[in-house]
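Examination of the molecular architecture
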Amino acid sequence: MTTSGTTQSFDYSLTGVDTNCSSGAGSAGNSCGIHIHTGSSCITDAGGHYYTGAVTADPWTSIAYTSDASGASAGSYSVTTGGSSAEVAGRAMIVHAYDGSRIGCAILGAATPLTLT
């Protein structure tokens, strides 16, 4: 994750994600999404999508991965959240399944990789 001003850019390479995302996101909220959340825990509720300051509309609604038949996905995104790198550090990044449920989590800035559950 890198930050330029208040825009976060990240590359991702995932395995074990929902193969139902092979055609992209569905109609469920958060379907196939990858989002920074307001919370700082992968164990308790990570809260809603993170955005702040001058950003008043959720910038995460269109951010979603497309998987292959084996459940792999890779790509990159840039999202203007309104937050600085210091404000984003320590927040939870969540990966969602096709039905919108949370299937993976990592704490930004942590040395451990994203774990899908």
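Our subject in this report is the structure included herewith.

Cut-offs and rules
- Residues numbered from 1 in each chain as written.
- Predicted model: local features only at pLDDT ≥ 70, side-chain atom pairs only at ≥ 80, totals over all residues.
- Heavy atoms only, no water.
- Disulfide = S-S within 2.5 Å.
- Helix = DSSP H or I, 4+ residues; strand = E, 2+ residues; numbered from the N terminus.
- Contact = heavy atoms within 4.5 Å.
- Pairing = 2+ DSSP bridges.
- Axes fitted to C-alpha atoms, helices over the stretch in contact; angles between N-to-C directions.
- Phe/Tyr/Trp six-rings, centres within 6.5 Å; stacked < 30°, edge-to-face > 60°.
- Buried < 20%, exposed > 50% of the residue type's maximum accessible area, 1.4 Å probe, protein only.
- Polar contact = N/O pair within 3.5 Å; in protein donor to acceptor, adjacent residues only side chain to side chain.

1. Let's talk about the state of the cysteines
According to the stated counting rule, one finds two disulfides in the structure shown. The residue that forms a disulfide with Cys-42 is Cys-105, at a sulfur-sulfur distance of 1.9 Å. Measuring handedness by torsion sign, the sulfur bridge of Cys-42 and Cys-105 sits at about -75 degrees and is left-handed. Of this pair, Cys-42 sits in the loop between strand S3 (34-36) and strand S4 (73-80) while Cys-105 sits in strand S6 (residues 102-107), and the two are 63 residues apart along the sequence. Sequence-ordered numbering of the disulfide-bonded cysteines in the protein chain gives the connectivity 1-2, 3-4.

2. What to know about the environment of Gly-47
Here Gly-47 shows up in the loop between S3 and S4. Excluding residues that lie within four positions of it along the chain, Gly-47 makes contacts with His-37, Thr-38 and Arg-102.

3. Things to note about the sheet that holds S4
What the three strands build is an open sheet, ordered S1-S2-S4; its pairing is antiparallel. Each edge of the open sheet is held by one strand with a lone partner, namely strand S1 (2-4) and S4. Sheet twist, expressed as the mean angle between neighbouring strand axes with direction ignored, is 15 degrees. When S1 meets strand S2 (residues 7-14), the two strands line up antiparallel, connected through three bridges. Within the sheet, the bridge partner assigned to Ser-4 lies in S2 and is Thr-7.

4. What about the environment of Ala-54?
Along the chain, Ala-54 turns up in the loop between S3 and S4. Sequence-wise, Ala-54 and Thr-6 are 48 residues apart; in three dimensions their C-alpha atoms are separated by 9.7 Å.

5. Comments concerning the packing of aromatic side chains
Scanning the entire structure with this criterion turns up four aromatic pairs. Ring geometry for Phe-10 versus Tyr-12: centroids 6.4 Å apart, planes at 45 degrees, classification tilted. Assigned by exposure class, Phe-10 and Tyr-12 land together as buried. Put simply, the rings of Phe-10, Tyr-12, Trp-60 and Tyr-77 pair up and form one aromatic cluster.

6. Remarks on the side chain of Thr-81
Within the secondary structure, Thr-81 is located in the loop between S4 and helix H1 (85-88). Of the residues examined, Thr-81 reaches a relative accessible area of 0% and is grouped as buried. Separated by 2.5 Å, the side chains of Thr-81 and Gln-8 make a polar contact. Beyond its immediate stretch of four places on either side in the chain, Thr-81 contacts Thr-6, Gln-8, Tyr-50, Tyr-51, Thr-52, Val-55, Pro-59, Trp-60 and Val-88.

By themselves, these figures tell us nothing about what the structure is for.
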